[in-house]
Amino acid sequence: MRSRIAGVGGYLPQRCVTNDELALTVDTSDEWIFSRTGIRQRYLASPEETCAFMGTRAAEAALRHAGVAAGDVDAIILATATPDEAFPATAVHVQGQLGLSTGFAFDVSAACCGFIYAMAAADSFIRTGMARTILVIGSEVYSRILNWNDRTTCVLFGDGAGAVLLQAGPDDGPGILSTHLHANGAYAGILYVDGAVGRKDRSGHLVMKGSEVFRHAVTKLAAAVDEALAANGLTQSDVDWLVPHQANSRIIDAMGRKLGLPPERVVVTVDRHANTSAASVPLALAEAVHDGRIKRGELILMEALGGGLTWGSALARF
Ligand SMILES: CC(C)(COP(=O)(O)OP(=O)(O)OC[C@H]1O[C@@H](n2cnc3c(N)ncnc32)[C@H](O)[C@@H]1OP(=O)(O)O)[C@@H](O)C(=O)NCCC(=O)NCCS
């Protein structure tokens, strides 16, 4: 069995906030943000645009794209660091909002690498026959965990959701060729949220040592790219598209150069979405599929690194 990408979809909040608008309330500038990160704007969720609401909209878009009825879904795996509630899992709320009452649903917590972890889990369920049609969703409302008085972090993130519908297909057909996951808790202190429902004595805000994360991202993602290619007996020239996590255009450019890909073969959304954490890879994938850039049969390399540290890759023929 192989996990075929049957459909993709995304959702962005209604409200778009440019760097200039942010600079009205935060001591920053469009020039600083854009030159360091490539970000020009981000979307911020309204109170009604919850993690489950956005995940459901993205899931519906992926189902529409695939031409598959919600009733055919037998599992939902949702990656998020910003669930609406400690439990039930946001995936279960999405299941309910899709009108489903069968199958199983759970959340994955691996910060900005969450979608890659969720894809790996879904791929394993399909390969072992536990499920045949799985919604894999990344949905995030980082605006709720940002410290809006910390200009070194609050300018970097945005809200949104992306989804992929995976379906069981033949082993020699298109689909996920490999996933590789890594974590190293020794680096927990360079990117984290200092609190949650189990630690109410802390503020629950995102904290980041940006330059240290940057260094790890460049080296660990480069190694992850090499690992994915070597595991499949492929070389850089076999890759048609890089769909990277969208944290910083300088990290994205470095990975594109490593793969020898021209910039037009690297999907970039960080300029418009900022860093949407677990939603960034599926949002970027959905955009490039729906605007006709990524075509059936092409080879896509997805990679991400996030708090943990967690990092990994997914290589798929679309
Ligand atoms: C966060 C990041 C953009 C910062 O860029 P940088 O070049 O390392 O900038 P620094 O942190 O060294 O800050 C440089 C200066 O800009 C200032 N600054 C920080 N944020 C600012 C902002 N939003 N606006 C204006 N000035 C700012 C700092 O105070 C510092 O000033 P100082 O030199 O007077 O102390 C960069 O480190 C980065 O992208 N890291 C990786 C982040 C990432 O990928 N995170 C997610 C992983 S999932």
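About the criteria used
- Residues numbered from 1 in each chain as written.
- Predicted model: local features only at pLDDT ≥ 70, side-chain atom pairs only at ≥ 80, totals over all residues.
- Heavy atoms only, no water.
- Helix = DSSP H or I, 4+ residues; strand = E, 2+ residues; numbered from the N terminus.
- Contact = heavy atoms within 4.5 Å.
- Near = heavy atom within 4 Å.
- Polar contact = N/O pair within 3.5 Å; in protein donor to acceptor, adjacent residues only side chain to side chain.
- Areas by Shrake-Rupley, 256 points an atom, 1.4 Å probe, with all protein chains shown as cover.
- Pairing = 2+ DSSP bridges.
- Axes fitted to C-alpha atoms, helices over the stretch in contact; angles between N-to-C directions.
- Expected span 1.5 Å × (residues − 1).
- Buried < 20%, exposed > 50% of the residue type's maximum accessible area, 1.4 Å probe, protein only.

(A) The side chain of Thr 28, seen in detail. By the secondary structure assignment, Thr 28 is in the loop between helix H1 (19-22) and helix H2 (30-37). The contacts of Thr 28, once residues within four sequence positions are left out, are Ala 23, Ile 33 and Val 155.

(B) View of the site of the ligand. The local shell around the ligand holds 23 residues, among which Thr 28, Trp 32, Arg 151, Gly 210 and Asn 248 are the closest. At a separation of 2.7 Å, a nitrogen atom of the ligand approaches a polar side-chain atom of Thr 28. Asn 248 places a side-chain nitrogen or oxygen 2.5 Å from an oxygen atom of the ligand. When the ligand is considered free in solution it has 980 Å² of accessible area, and contact with the protein chains removes 70% of it. For the shell around the ligand, the secondary structure elements donating two or more residues are H2, helix H6 (151-154), helix H7 (210-231) and strand E12 (299-306). Tallying contributions element by element places H7 first for the shell around the ligand, with 4 residues.

(C) Inspection of the sheet that holds strand E1 (residues 2-11) at higher detail. In spatial order, the strands read E1-E7-E6-E4-E5; together these 5 strands make up an open sheet with mixed pairing. At either margin of the open sheet sits one strand with a lone partner, and together these are E1 and strand E5 (104-108). Across the sheet, the mean angle separating the axes of adjacent strands is 20° when strand polarity is ignored. Pairing analysis gives 5 bridges linking strand E4 (residues 75-79) to E5, with the strands arranged parallel. Bridged to Ala 79 within E5 is Val 108. Those strands touched by helix H3 (residues 51-66) are E1, E4, strand E6 (133-141) and strand E7 (159-169), and its axis lies near 125° from that of E1. Sitting on the sheet, helix H5 (residues 114-127) touches E1, E4, E5, E6 and E7, and the angle it makes with E6 is about 165°.

(D) Up close: H5. Counted at 1.5 Å a residue, the expected span for H5 with its 14 residues is 20 Å, and the 20 Å between its end C-alpha atoms agrees. Among the 14 residues in H5, 11 count as buried, and that is most of the element. Restricting attention to buried positions, one finds in H5 the residues Gly 114, Phe 115, Ile 116, Tyr 117, Ala 118, Met 119, Ala 120, Ala 122, Asp 123, Phe 125 and Ile 126. Positive phi shows up at Gly 129, right after H5, with a value of about 85°.

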